[in-house]
Amino acid sequence: MSNPFLKAVELIFSFDKQLFDIIFLSVKVSGFALIIASVFGIPIAVFTAFKKFPLKSLFINIMNTFMGAPPVAVGLIFYLLLSRSGMLGFLGILYTPYAMILAQTFLAFPIIASLCHSAIVGVDPLLKQASITLGASPFTTAATIINEARYGIMSALIAASGRLFAEVGAILIVGGNIAGLTRVMTTAIALETDKGDFELAVALGIILILISFTINFSLNIIQKKGKKELI
Amino acid sequence: MKLTVSNIYKNYNNTTILNNLTYSFKSDSIYVIMGENGVGKSTFLRICALIENPDAGKIIYYKQDKALKNDIETRRRITLLLPKVGIFNTSVYKNAAYGLKVRGMGKNKIKETACEALDFVGLLHKKDQNALTLSSGETQRLGIARALAFKPEFIFLDEPTASVDYKNTKLIEGIIKKLKKTTGATIIMTTHEKEQAIRVGDKILIIEDTKIRSSIVTKDK
Ligand SMILES: Nc1ncnc2c1ncn2[C@@H]1O[C@H](COP(=O)(O)OP(=O)(O)OP(=O)(O)O)[C@@H](O)[C@H]1O
Ligand SMILES: [Mg+2]
C-alpha cells in the first residue's frame, strides 16, 4: 500500500519533469492572459473613469456582468469561434496554449476593467480638487488619482489571477488537456485522477492550493494596507 | 499681485448665489469673508481661485498693473485650501512637496523648500509619517504647508480652522499672520468666528443677499 500523498510530496521534491512542465504551462498561460488583459483592461478602466462617452453606463454594466461569466460557457464560445468552421477558425489555434490564453484573457479582462474602474472612481473627489488647487495640470491630476487608486488596482490584478489559476472549464474546452502541450494544473487534476495517476494529481493539487493561498494572502495584505492607510 | 473681480454672476439650479458682484483685492493684506451658511462664500472663493467659472463677469489678476491671462501659469501663482484638505495617501513630506513637483522643481530644491514649509507650520518632525494618520489640526496645518510651499501670491483659505481646537486655531491664525508678513502674499479667508475675523483680518467683507454688503477695516495690528 503506497500513500499517494507521500508519493506526491516525493514528486514535488524530486522536481519531476512532467509535474513541473504542467506547472510552468499553467503559469505561462494564466500569466500571459493576465498581462494581456491588464494591458487592455487598465487603460480602458482609466478612460472610462475620466471620460464621458455614449453608452458609458451600459459599457460599465456589461463589464460588471461579464465579471461573473461562467468559464465553461466562455470556453464553449471560444471553441465554436476557433473550431475549423468558426469565425476565428483560420487562426488554427484550437487545442494550443494560444487558445487557452485567449479564453483566459477574455475571462480576466472584465474583472480587471471593472475593478480598476471602481478603484479609480472610488478615489476621494477632494484629492482631485487638492491636486488642481496645487497647480497640477489635468494630466498630472489624473496620474495622481490613478496613483491613489493603486491598492484597488493591485487588488483587481490579484483577484483576476486567482480566478485564472483556479479556472478549469474554459481552458479544458479550448485546450483539450493534451499531455505535454496543453495540460495545465487544473485540467490535469480534473481528468487524470481516474486514470490512476493519483500522485500527479495530488502533487498538482498541493501546488495549486499553495498558489491560491499565496494569491489570497497577498490580496488580503494589499487590501488591509489600502484600508489602514486610508483611515 | 492684485485681483479684480467685476460683475460676477453665479446661479445654481436657477437660484442666484452671486449677483453682479464687484471687488478689488490689493496685495499684502488679509481679507476675511463672513456671511451666513449657504450665502456663497465658498463659491466666491472657488471662482476667484479660477477653479470654477462664473456664469458671467471677469476675474483678472494683475502683476505690476499688467493683466495676466487666466491660464495655468496664473493658476500656479494662487492657491485655494478647502475646509476638507484632501490628503494624498503618502508621507507628510511628499504631500508638502506635491505642488513643487508639479512645477518641475529640482529634487534638492524641493527637499529644502518642502522642509522649510513644514517647519513653518511646525510639522517638520512628522515629515515621514503617513499624512492620513495626522490629527485634524495637523492635517489643516499640512494643508497650509502644502499650499505655501510654492510661495503663492494669492492664498484662499476656506474655513481654515473649522473642526480645529482652540490651541490649533491660535496656531493657524499665527501661521496666517506670519505668512503675510514674511511673503507679502494676499490672504483671503472665510470664517464663521467674528472674533477670529477681528484677530486676523485687515479687512472684513460680509456677503449677504448675493453681494458684498459691507467691508470693515479692522484696527492696525
Ligand atoms: N455645485 C453646486 N451645485 C448646486 N448648488 C451648489 C453647488 N455649490 C454650491 N451650491 C449652492 O450654492 C449655495 C452657496 O454655497 P457655498 O458653499 O458657496 O456657501 P457658503 O457661504 O460657503 O456656506 P458655508 O458657510 O455653509 O460654507 C448653497 O445654497 C449651495 O447649496
Ligand atoms: Mg463654505
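Residues numbered from 1 in each chain as written. Chains lettered and ligands numbered in written order. Predicted model: local features only at pLDDT ≥ 70, side-chain atom pairs only at ≥ 80, totals over all residues. Heavy atoms only, no water.

Novice: Describe the packing of helix α2 (residues 17–50) of chain A against helix α8 (residues 150–166) of chain A, naming the residues involved and giving the relevant values.
Specialist: Working note: a packed helix pair is described by the angle between its axes plus the distance between those axes. All names here are of chain A. Where α2 contacts α8, the axes come no closer than 10 Å and their chain directions differ by 140°. Where α2 crosses over α8, the handedness of that crossing is right-handed. Across the interface between the two elements, Ser-26, Val-27, Ser-30, Ala-33, Leu-34, Ser-38 and Ile-42 from α2 touch Ile-153, Leu-157, Ala-160, Ser-161, Leu-164 and Phe-165 from α8. Among the residues making up the contact of α2 with α8, the classes are represented as 9 nonpolar, 4 polar and no charged. (Axes fitted to C-alpha atoms, helices over the stretch in contact; angles between N-to-C directions. Helix = DSSP H or I, 4+ residues; strand = E, 2+ residues; numbered from the N terminus. Left-handed = near helix turned anticlockwise from the far one by under 90°. Contact = heavy atoms within 4.5 Å. Nonpolar A, V, L, I, M, F, W, Y, C, P; charged D, E, K, R; others polar.)

Novice: Describe the pairing of strand β7 (residues 154–157) of chain B, and please don't skip the residues or the numbers.
Specialist: Residues and elements named next belong to chain B. By the alternation rule, side chains of β7 split into Phe-154 and Phe-156 and Ile-155 and Leu-157, which are all buried. By the bridge criterion, 4 bridges tie strand β6 (residues 78–81) to β7 in an arrangement that is parallel. Residue pairing for β7: Leu-80 is matched across the bridge by Phe-156. Sheet analysis places β7 next to strand β8 (residues 186–190), joined by 4 bridges and oriented parallel. Directly across from Ile-155, in β8, lies its bridge partner Ile-187. The handedness of the β7 to β8 crossover, carried by helix α6 (residues 166–183), is right-handed. (Buried < 20%, exposed > 50% of the residue type's maximum accessible area, 1.4 Å probe, protein only. Pairing = 2+ DSSP bridges. Right-handed = clockwise from strand over helix to strand, strands pointing away.)

Novice: So what's going on with the site of ligand 1? Residues and values would help.
Specialist: Residue and element names in this part refer to chain B. Taken together, 14 residues sit near ligand 1, with Asn-37, Gly-38, Lys-41, Ser-42 and Thr-43 positioned nearest. The contact in question runs from an oxygen atom of ligand 1 to an N or O atom on the backbone of Gly-38, over 2.7 Å. Burial of ligand 1 by the surrounding chains reaches 61%, relative to a free accessible area of 630 Å². The leading source of residues in the shell around ligand 1 is helix α1 (residues 41–48), at 4 residues. Each residue belonging to the shell around ligand 1 can be placed in one class, and the counts come to 3 nonpolar, 7 polar and 4 charged. (Near = heavy atom within 4 Å. Polar contact = N/O pair within 3.5 Å; in protein donor to acceptor, adjacent residues only side chain to side chain. Areas by Shrake-Rupley, 256 points an atom, 1.4 Å probe, with all protein chains shown as cover.)

Novice: Please give an account of the interface of chain A and chain B that cites residues and values.
Specialist: Across the contact, 19 residues belong to chain A and 23 residues belong to chain B. Taken together, both faces of the contact between chain A and chain B bury some 1800 Å²; the carbon and sulfur share is 59%. At the boundary of chain A and chain B, one finds 0 salt bridges. Along the contact surface separating chain A from chain B lie 9 residue pairs in polar contact (both at pLDDT 80 or more). Elements supplying a minimum of two residues to the side of chain A that touches chain B: α6 (125–133), α7 (138–148), α8 and α11 (198–230) of chain A. At 7 residues, the largest contribution of residues to the side of chain A that touches chain B is made by α6 of chain A. Tallied by class, residues from the side of chain A that touches chain B come to 9 nonpolar, 7 polar and 3 charged. (Buried area = accessible area lost by both parts, 1.4 Å probe. Salt bridge = Lys/Arg side-chain N within 4 Å of Asp/Glu carboxyl O.)

Novice: For the sheet that holds strand β1 (residues 2–12) of chain B, give the residues involved together with the corresponding values.
Specialist: Two pairing modes exist for strands in a sheet, parallel and antiparallel, and in both the strands are linked by backbone hydrogen bonds. All names here are of chain B. Within the open sheet, the 4 strands sit side by side as β2-β1-β4-β5. Their pairing is antiparallel. Two strands bound the open sheet, and with one partner strand each, they are β2 (15–25) and β5 (66–67). Where β1 lies against β2, 7 bridges are found, and the strand directions are antiparallel. Its bridge partner being in β2, Lys-10 is matched across the sheet by Leu-18. Contacts from α1 reach β1, β2 and β4 (56–63) within the one sheet, and its direction differs from that of β1 by about 125°.

Novice: Run through the pairing of strand β9 (residues 203–208) of chain B, naming residues and quoting values.
Specialist: Residues and elements named next belong to chain B. In this sheet, β9 lies alongside strand β3 (residues 30–34) in parallel orientation, the contact comprising 4 bridges. Directly across from Met-34, in β9, lies its bridge partner Ile-206. Sheet topology places β9 next to strand β10 (residues 211–217); 6 bridges connect them, and they run antiparallel. Note that in β10 the partner of Leu-205 across the bridge is Ser-215. Joining the antiparallel neighbours β9 and β10 is a turn of 2 residues, in which Asp-209 adopts a positive phi near 50°.

Novice: Give me the lowdown on the environment of Ile-93 of chain A, citing residues and values where you can.
Specialist: All names here are of chain A. Inspection of the secondary structure assignment puts Ile-93 in the loop between α4 (71–82) and α5 (97–121). Here Ile-93 falls in the buried class, since its relative accessible area comes to 15%. Discounting residues that sit within four places of it in the chain, Ile-93 has contacts with Leu-82, Tyr-98, Ala-99 and Leu-102.

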